[in-house]
Structure formats: C-alpha cells, structure tokens
Amino acid sequence: MATSLLFRDDAYLKRASARVIAVHERGIELDRTIFYPQGGGQPGDSGALLRASGERISIIDTRMADPAKGDGVDSVLHIGAPGAPAPEVGEPLTLEIDWPRRYALMRLHTALHVMSCVVVAPVTGGNMSPDKARLDFDIDMSLLDAGRIERETNALIARGVPTETVWISDAELDARPELVKTMSVQPPRGAGRVRLLRIPDIDLQPCGGTHVSNIGEIGAIRVLRIRSEGKHNKRVEISLTG
Ligand SMILES: [Zn+2]
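Only a predicted model underlies this, so the values are computations on that prediction, with no experimental measurement involved. (Residues numbered from 1 in each chain as written. Predicted model: local features only at pLDDT ≥ 70, side-chain atom pairs only at ≥ 80, totals over all residues. Heavy atoms only, no water.)

**Let's talk about the overall build of the protein chain**
Link 1 in the chain: Looking only at helices and strands, the protein chain has three helices and 16 strands in total.
Link 2 in the chain: For 242 residues, the compact-globule formula gives about 18 Å, and the C-alpha radius of gyration of the protein chain, at 19 Å, lands near that figure.
Link 3 in the chain: Along the first, second and third principal axes, the C-alpha set of the protein chain runs to 55 × 40 × 35 Å.
Link 4 in the chain: Within the protein chain, buried positions represent 48% of all 242 residues.
Link 5 in the chain: Within the protein chain, residue pairs in contact and separated by at least 24 positions form 64% of the contacts whose partners lie at least 6 positions apart. (Helix = DSSP H or I, 4+ residues; strand = E, 2+ residues; numbered from the N terminus. Rg over C-alpha atoms; globule rule 2.2 N^0.38 Å. Buried < 20%, exposed > 50% of the residue type's maximum accessible area, 1.4 Å probe, protein only. Contact = heavy atoms within 4.5 Å.)

**Examining the sheet that holds strand E15 (residues 221-228)**
Link 1 in the chain: Spatial ordering of the open sheet is given by E9-E10-E16-E15, a layout of four strands whose pairing is antiparallel. Only two strands of the sheet have a single neighbouring strand rather than two, namely strand E9 (123-128) and E15. Adjacent strand axes in the sheet meet at a mean angle of 15 degrees, parallel and antiparallel pairs treated alike.
Link 2 in the chain: In the sheet, strand E10 (residues 133-137) pairs with strand E16 (residues 234-240) via five bridges, with the strands oriented antiparallel. Within E16, the position partnered with aspartate 136 by the bridge is arginine 235. (Pairing = 2+ DSSP bridges. Axes fitted to C-alpha atoms, helices over the stretch in contact; angles between N-to-C directions.)

**Brief notes about the packing of helix H1 (residues 99-115) against helix H2 (residues 146-157)**
Link 1 in the chain: Running from N to C, H1 and H2 point in directions that differ by 110 degrees, and their axes come no closer than 9 Å. Judged on the interaxial angle alone, H2 and H1 are roughly perpendicular. Regarding H1 and H2, the two cross each other, and that crossing is right-handed. Residues Ala111, Val114 and Met115 of H1 form the contact with H2, whose own contacting residues are Ile149, Thr153, Leu156 and Ile157. (Parallel < 35°, antiparallel > 145°, perpendicular 65-115°, else oblique. Left-handed = near helix turned anticlockwise from the far one by under 90°.)

**Regarding the pattern of salt bridges**
Link 1 in the chain: By the definition in use, this model includes 15 salt bridges.
Link 2 in the chain: A salt bridge links arginine 63 to aspartate 61, with the nearest nitrogen and oxygen atoms 2.9 Å apart.
Link 3 in the chain: A residue is classified by how much of its surface remains accessible, and aspartate 61, at 17% relative accessible area, is buried.
Link 4 in the chain: Salt bridges linked by common partners bring Arg134, Asp136, Arg227, Glu229 and Arg235 together as one network. (Salt bridge = Lys/Arg side-chain N within 4 Å of Asp/Glu carboxyl O.)

**So, the coordination of the zinc ion**
Ideal geometry at a metal gives 109.5 degrees between four tetrahedral donors and either 90 or 180 degrees between six octahedral ones.
Link 1 in the chain: Here the zinc ion is held by His109 (NE2), His113 (NE2), Cys207 (SG) and His211 (NE2), and the distances to it run 2.0 to 2.1 Å.
Link 2 in the chain: Every donor counted, the four donor atoms about the zinc ion form angles of 99 to 123 degrees at the centre, which fits tetrahedral coordination.
Link 3 in the chain: Mapping the donors of the zinc ion onto the primary sequence yields the spacing H-x3-H-x93-C-x3-H. In this pair, histidine 113 is assigned in helix H1 and histidine 211 in the loop between strand E14 (203-206) and E15, connecting sequence segments 98 residues apart. A single burial state applies to histidine 113 and to histidine 211, both of which are buried. (Donors = N, O, S within 2.8 Å, 3.2 Å for Na, K, Ca; no water. Tetrahedral: all angles 85-135°; square planar, octahedral: opposite > 155°, others 65-115°.)

Purely geometric numbers; function is a separate question.
Here's what the structure looks like:
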C-alpha cells in the first residue's frame, strides 16, 4: 500500500496522525506520513511516533521502501532507534518530525534552487545536511567567484517571492529537457506527472523535496568554500547566515 505523502502538499506539517500498515526489521510503514524519505540530496527526516499511551518511538531516519526487499510499493520506511518499541499493525500513532532540523533543510534546499540560477552551468551533483549544502557544477573554476555567488544569490533571496509547486505531464517534461538542470538526479515521476518547484522569475525545475513557501525565509547564505572535485565537478558549499 502506498504511503500518502502529506509533505508534498504541505511541507510545514509538524504533527499528523497515521495508522501502522507494516512493521519489520527494515522499518515501520504507515498509511500517511509527514516524514520526508531521503532523496534528491535531501536527508530523511527524524522525529518520533507517539503511541496512545504516550510512549515515544524515536525515529532516526526515513527512506523510501524497497519492494525488491519485500517492502510495500511507494511506501515509506520510518526507521526506529535501536531498542525503540515496535508498534502493532493497525495501531494509530501521532507523528512528530524534528521540525528545527527539517526547517533548516527546507531553507538550505530552497537556497540551492536560487544559487543554481546564479551559477549558469549543468548541475552534476548536490547534497545537504541541516548545517550546510552543496551543488557541483560542470564549469571552469575560473568562473566561480565566492563573493559574486553570495551577493547575487542573496539579492535574489531578498526579492522575497513565494514558491509554487506545479505539476506537468511526463510528455511536457520530455518536450522541455532544458528544465532538468540536475544531471545526477532523475525528476520525481509517477502516475504520468512530474512535480516542479517554481520560484517566479528565478527558477523552475523538477523537484520532489521540501521547500520554504517564500524564499525570504532563507534569510541569507554564505559561501563556505569552492573546490574542484574533478574535471566536471566544481563544488560550491554554502550555509545559512542565521
Ligand atoms: Zn527542491
């Protein structure tokens, strides 16, 4: 059974209720979730599942289920801390994500979208943690100037425009290959449609991650370092300034 991904429609949900679908050594599957499963360079959420008794099941990571390993199709695995109690199938639970951690990831993730419009080059990789994030570009090192990237990214962030989620068909995406900047991450497809993040007049690209609703929430970024990771990978690492 597919897990309903509540964060797709509302990335700001901090608590929700759900029912247990399956429990096994690889994780806990629920009918719906606010926990983001690792993907697209964004780490899986951590948090807790609360039982009616008040008992906490601490969740240390979230991954997409793997049907090849016996998990449900399009299901999400909530991975309990070692020794955490296991819930019963059918049991109702209250879900609670580690919100400060997720919100930092949402701000950094959205900042990467903005930065990808300042550095005009194919993106060959990307990753983020709650305290820093990076994109790799296929570009000449001499074209990467930390001061310029920082200034121009922060100037775009200061526009304070709202972000929008839009969906297009697979066929529309295939007809507009220029939308796919990230060569290392396949767009999140499913049921014939693709999810895009639009930052009006700044960016439009396929993405299944969680983003802030207005880029002003990012605040500002700092370029931590720029270094070469190979001929086609010049890495720009950033953090939030506050
Ligand atoms: Zn994104």
